[in-house]
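# A look at the structure
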Amino acid sequence: MEFKLKKNNAIEVKKLIKTYGDVYALNDVDLNISDGEYFVLLGPSGGGKTTLLRSIGGFIRPDSGSVVIKGKNVNNLPPDKRPTSMVFQGFALFPHMDVAQNIGYGLKLQSIEKNIIDEKVNKMMDLVGLTGLHNRKPHELSGGQQQRVQLARALILENDVLLLDEPLSALDAQLRKDMCIELKRLQKTVGISFVHVTHNQEEAMSVADRIAIIADGKMIEEGTPQEIYNKPKKQFTAEFLGEKNILIGKVHNLNKSKIVLDINNDKIEIANNNYNVSKNQEVSVSIKSESIQIKKNVKSKTNEKNSIFGKVSEITFLGQFVRYLVLLSNDQEIQVRSSEEVANVKLNDQVILNWKLDDFILHNE
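In this text, all values refer to a predicted model and were calculated from it rather than measured experimentally.

## Some words on the sheet that holds strand β8 (residues 193–198)
The strand order across the open sheet formed by six strands is β6-β7-β8-β3-β9-β10, and the pairing between neighbours is mixed. Both outer strands of the open sheet, β6 (84–87) and β10 (218–223), are each paired with one neighbouring strand and no more. Strand-to-strand twist of the sheet, defined as the mean angle between neighbouring strand axes without regard to direction, takes the value 20°. Bridge analysis of strand β7 (residues 161–165) against β8 gives five bridges, and the strand direction is parallel. From the neighbouring strand, L163 faces β8, where its bridge partner is V195. This element, helix α1 (residues 49–57), spans β3 (38–42), β6, β7, β8 and β9 (210–215) of the sheet and lies at about 150° to β7. Each of β6, β7 and β8 is contacted by helix α4 (residues 143–155), which is oriented at about 170° to β6, the strand it contacts most.

Structure representation (structure tokens):
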């Protein structure tokens, strides 16, 4: 099936609020999604991701605020009148229908002629990799195949936006990775906006053009996968994404090029990337576990800059890398991820941790 990229298609969410009693499921959320963009809503369970997705799709009516799709306010439109299709968390296939019937069901409801439905179903099955499975019933399919049927059933309606609510949660780890590749390929092929909800960080990073972090009903921050992983603005994002270490300290001194932090009487220098901070201000900083170098400490003191002492409390082999937990003098543990075992570093060894000035990120909140 051929799809043409529809111009000027965008989703705008403005000041969206949804409460359940005294609990804010969405708290003054603003969001803009570009035409043809693969956008992921990422965050912990119960953070408001699915509520936002269902508000866009019309399955939940917000208390206030607006949802605008292609320049049209759709607040008062039911799901079937919006230019959106939904892929639900469960496969939600009709068990008594075969694959072709499941995929074409939405078109049948629109009273489209059978020969046209058959043609569209055949092309869609080829697109999603289900060629030759027309007569299979859902129980005769694998989990990945069932998910492809649901995708095909949504895409065949040729709406402007595809909404995906935890679409890969029922799949095993390897199949989830395979489906991430497939979803990205499909999105580029059909050229429409995909809005994908997940709490799985690897899944989000694999498919997204941009990611929004949502928690406690609030929009925390958004950006490309590279931006929010490498330079998170908020402490919450740093803690949620990957294996990052969070340290709390006070600004001891600063100039235009660097900031000196006092962290439990240890002085740590970080690059001053135009941070808006002042002397004696308490701040949080983060560093990725893979950005720290670890080596055995054979001296009682060191003159090395950007270093800190610790004791190895745990070593874990995780296949592609080795993770070291290092206990600092203030009883905080630092995670270090190395691509291979570090020579001569054993459990309970005293070690030195090193990093580069730019490796630490200072957070606004």
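## A few points about helix α3 (residues 114–127)
A rise of 1.5 Å per residue sets the reference length of α3, with its 14 residues, at 20 Å; its end C-alpha atoms lie 20 Å apart and thus fit the reference within 8%. Among all positions in α3, only I117, V121, M124, M125 and L127 are buried. Down the axis of α3, the buried set is contained in an arc of 150°. They therefore lie on one face. Residues of α3 that are buried in the fold lie against α2 (99–109), α4 and α5 (173–190). Among the residues trailing α3, G129 stands out with phi positive, at a value near 80°.

## A short note on the nonpolar core
Ranked by size, the top nonpolar core spans 44 residues in total, and within it I103, L162 and F194 carry the most contacts. Non-local contacts of F194, meaning those with residues more than four positions away in its chain, are made with E37, Y38, F39, L155, L162, L164, L183, L186 and Q187. Listed in part, the 30 residues of the second largest apolar core include Y275, V283, I287 and V322.

## Quick look at the pairing of strand β19 (residues 350–354)
Counting buried positions over the five residues of β19 gives four, a clear majority of the element. Pairing of strand β16 (residues 307–317) with β19 involves five bridges; the strand directions are antiparallel. Counted as the bridge partner of F309 is I352 from β19.

## Notes on the pattern of salt bridges
Tallying each qualifying case throughout the model produces 20 salt bridges. As a salt-bridge pair, D160 and K70 come within 4.0 Å of each other at their nearest N and O atoms. Residue D160 is located in the loop between α4 and β7, and its partner K70 is located in the loop between β4 (64–69) and β5 (72–73); the two are separated by 90 residues in the primary sequence. By relative accessible area, which is 8% here, D160 ends up buried. Among the salt bridges present, the one from E203 reaches R176, with a minimum N-O distance of 3.9 Å. Note that E203 is positioned in helix α6 (residues 201–207) and R176 in helix α5, a separation of 27 residues in sequence. In this pair, the class of E203 matches that of R176, namely buried. Through salt bridges with shared partners, a single ionic network connects E37, R210 and E222.

## Section: the sheet that holds β5
Spatially, the four strands line up as an open sheet ordered β2-β1-β4-β5, and their pairing is antiparallel. Both outer strands of the open sheet, β2 (23–33) and β5, are each paired with one neighbouring strand and no more. Across two bridges, β4 lies against β5 in antiparallel orientation. Following the sheet pairing, I69 is matched in β5 by K72.

## Points about the environment of K250
Considering the arrangement of structural elements, one finds K250 in strand β11 (residues 244–254). In this structure the C-alpha to C-alpha distance between K250 and Q281, which are 31 residues apart in sequence, comes to 5.4 Å. When residues no more than four places from it in sequence are discounted, the contact partners of K250 are V260, L261, D262, N280, Q281 and E282.

## Things to note about the packing of aromatic side chains
In total, this model carries five aromatic pairs according to the counting rule given. Measuring from ring centre to ring centre gives 5.2 Å for Y38 and F194, while their planes differ by 50°; the resulting arrangement is tilted. Of this pair, Y38 sits in strand β3 while F194 sits in strand β8, and the two are 156 residues apart along the sequence. The buried category is assigned to Y38, whose relative accessible area is 0%. Its relative accessible area of 0% is what places F194 among the buried residues. Judged by centre distance (5.7 Å) and plane angle (75°), the rings of F59 and F88 are edge-to-face. Within this pair, whereas F59 is found in the loop between α1 and β4, its partner F88 is found in the loop between β6 and α2, the two being separated by 29 residues in sequence.

## As for unusual backbone geometry
Located in the positive-phi region is D216, a residue other than glycine, with phi close to 55°. Within the element layout of this structure, D216 appears in the loop between β9 and β10. What makes D216 exposed here is its relative accessible area of 63%. The backbone of N344 shows a phi angle near 70°, a positive value even though the residue is not glycine. Considering the arrangement of structural elements, one finds N344 in the loop between β18 (333–338) and β19.

Rules of the game
Residues numbered from 1 in each chain as written. Predicted model: local features only at pLDDT ≥ 70, side-chain atom pairs only at ≥ 80, totals over all residues. Heavy atoms only, no water. Pairing = 2+ DSSP bridges. Helix = DSSP H or I, 4+ residues; strand = E, 2+ residues; numbered from the N terminus. Axes fitted to C-alpha atoms, helices over the stretch in contact; angles between N-to-C directions. Contact = heavy atoms within 4.5 Å. Expected span 1.5 Å × (residues − 1). Buried < 20%, exposed > 50% of the residue type's maximum accessible area, 1.4 Å probe, protein only. Arc of directions from axis to C-beta. Core = buried A, V, L, I, M, F, W, Y, C linked by side-chain atoms within 4.5 Å. Salt bridge = Lys/Arg side-chain N within 4 Å of Asp/Glu carboxyl O. Phe/Tyr/Trp six-rings, centres within 6.5 Å; stacked < 30°, edge-to-face > 60°.

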